[in-house]
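Here is what each chain is made of, one letter per residue.
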Amino acid sequence: MPANAVWYYAQEGKSVGPMTLEELLRKLPEVGGQEAMVYGPTTANWIEARHVPTIVDALRGPARPPEPPRSRSADEIDYEIYGQEMQYVEVTLDPGEMVIAEPGAMMYMSSGIQMETLFGDPGNKGGFWSKMMTAGKRALTGESLFITSFSNGSHEREHVAFAAPYPGKILPLHLDQLGGELICQKESFICAARGIQINIAFQKRFGVGLFGGEGFIMQRLQGDGIAMVHAGGTLMQRTLAAGEMLKVDTGCLVALAPSVDYDIQLVGGVKNTLFGGEGLFLATLTGPGDIWLQSLPFSRLAGRVLAAAPERGGGRDEGSVLGGLGRLLDGDNR
């Protein structure tokens, strides 16, 4: 007898039926659901519906086909970061994969890697003027007109490494986990998987453009792959709640989510302005969203190096009582 031929359910001590399996399934919610007592061609006695495989399978419905994998526009690269203060990142490429990088960032590469210097964005398939626009945008963000691509032309996994330009931390940004977009400081970009777009992000407020440390223009990284940026000194990551505000030195900002509001404000107070050493303005970051800060902006590092240069009155004996006279006595006239 077919499984859906004759079925009964119990209600108030009486059997109700016969009915088809489809009719029984429609009635079950009204008479106790899967705990209702039923009887049918696949049962030997009255039994709760939840113990009848035929009913359970019918309630579950047909198995859904697996969801198709989500397509990615960027290559899925593997990487490992080495070192503490002066870091480098080694990227492992499968056959056919590519990573793009700033000219001069490469540290080493294995024999199967093919290097090529390109004008503008390698992902731009447009003509000359389209590539010219892309290159112009990169120049505005402080980057080179050219970009270097490293592709794996072999049939095995190959490696290419990129070094940090000065002491600090290399920050891997998984854009697919960060909403597909992030805004970074100029000149922080090191490398990224093919498919990541590097555009410009204009600051909307005039004051931010003039006094915000990074000017009107910052970098906008877009895509669903991995990008590497560099931060000086020690890196701090923090998630701001909605409405939460943090005041930071304008040069210490590394990156922020597009949802974070970026503005500037006066330090305030004559003594703070003249002798505080923090400049006239501070950046205000208002959540919600993620922010990344650096403890050693390159401008601060460069300023200390210049201040210590002998041509600027510095030197190794600047803390000595003798100072310049001591350098003359020991023969150090640099």
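Above this text you will find the structure in question.
Residues numbered from 1 in each chain as written. Predicted model: local features only at pLDDT ≥ 70, side-chain atom pairs only at ≥ 80, totals over all residues. Heavy atoms only, no water.

**Student:** Go over the sheet that holds strand β11 (residues 158-163), please, and point to the residues and values.
**Tutor:** Taken in spatial order, the four strands of this open sheet run β5-β6-β11-β8, and their pairing is antiparallel. Of all the strands in the sheet, just β5 (78-82) and β8 (106-109) have a single pairing partner and so form its edges. Shown here is a sheet whose adjacent strand axes are inclined to one another by a mean of 20°, direction ignored. Where β8 meets β11, three bridges bridge the pair, whose relative direction is antiparallel. Note that in β11 the partner of Y108 across the bridge is A161. (Pairing = 2+ DSSP bridges. Helix = DSSP H or I, 4+ residues; strand = E, 2+ residues; numbered from the N terminus. Axes fitted to C-alpha atoms, helices over the stretch in contact; angles between N-to-C directions.)

**Student:** Can you break down the pairing of strand β1 (residues 7-11) residue by residue, with the values?
**Tutor:** For β1 and strand β2 (residues 14-19), the ladder comprises four bridges, and the chain directions are antiparallel. The residue bridging Y9 from the neighbouring strand is V16, located in β2.

**Student:** Which residues make up the nonpolar core, and what are the values?
**Tutor:** Ranked by internal contacts, the top residues of the largest apolar core, which has 36 residues, are L173, L221, L256, L285 and I291. With four residues, the single largest contributor to this core is strand β20 (residues 253-256). Every residue in contact with L256, bar those within four places of it in the chain, is listed here: L182, I183, M218, Y262, D290, I291 and W292. Counting residues in each nonpolar core, the second largest holds 18 residues, with I113, V160, F162 and I226 among its members. (Core = buried A, V, L, I, M, F, W, Y, C linked by side-chain atoms within 4.5 Å. Buried < 20%, exposed > 50% of the residue type's maximum accessible area, 1.4 Å probe, protein only. Contact = heavy atoms within 4.5 Å.)

**Student:** Which residues make up a nonpolar patch on the surface, and what values do they have?
**Tutor:** The grouping of M106, M107, Y108, M109 and M115 at the surface amounts to a nonpolar patch, some 420 Å² of accessible area in total. Per element, the largest residue contribution to the nonpolar patch is four residues, and it comes from β8. Relative to the assigned elements, M115 resides in strand β9 (residues 113-119). (Patch = residues over 30% accessible without salt bridge, like charges linked within 9 Å, V, L, I, M, F, W, Y side chains within 5 Å. Areas by Shrake-Rupley, 256 points an atom, 1.4 Å probe, with all protein chains shown as cover. Salt bridge = Lys/Arg side-chain N within 4 Å of Asp/Glu carboxyl O.)

**Student:** Report on the pairing of β5, specifying residues and quantitative values.
**Tutor:** Side chains on a regular strand alternate between the two faces of the sheet. Where β5 and strand β6 (residues 88-93) come together, five bridges link them in antiparallel fashion. Paired with I81 across the two strands is V89, which belongs to β6. Taking the residues that link successive antiparallel strands as the turn, the β5-β6 hairpin has five residues, and the phi of G83 there is positive, at about 95°.

**Student:** How would you summarise the sheet that holds strand β4 (residues 47-48) if you had to cite specific residues and measurements?
**Tutor:** With antiparallel pairing, the four strands of this open sheet are ordered in space as β2-β1-β3-β4. Every interior strand has two partners, whereas the edge strands, β2 and β4, have only one.

**Student:** A description of unusual backbone geometry should follow, citing residues and the corresponding values.
**Tutor:** What you tend to see is this: most non-glycine residues have negative phi, and most peptide bonds are trans. Across the junction of G17 and P18, the peptide omega takes the value 0°, indicating a cis bond. Summarising the element assignment, P18 is placed in strand β2. Of note, E12 is a non-glycine position whose phi angle comes to about 55°, a positive value. The topology assignment puts E12 in the loop between β1 and β2.

Without other data, these values stay purely geometric and don't point to any function.
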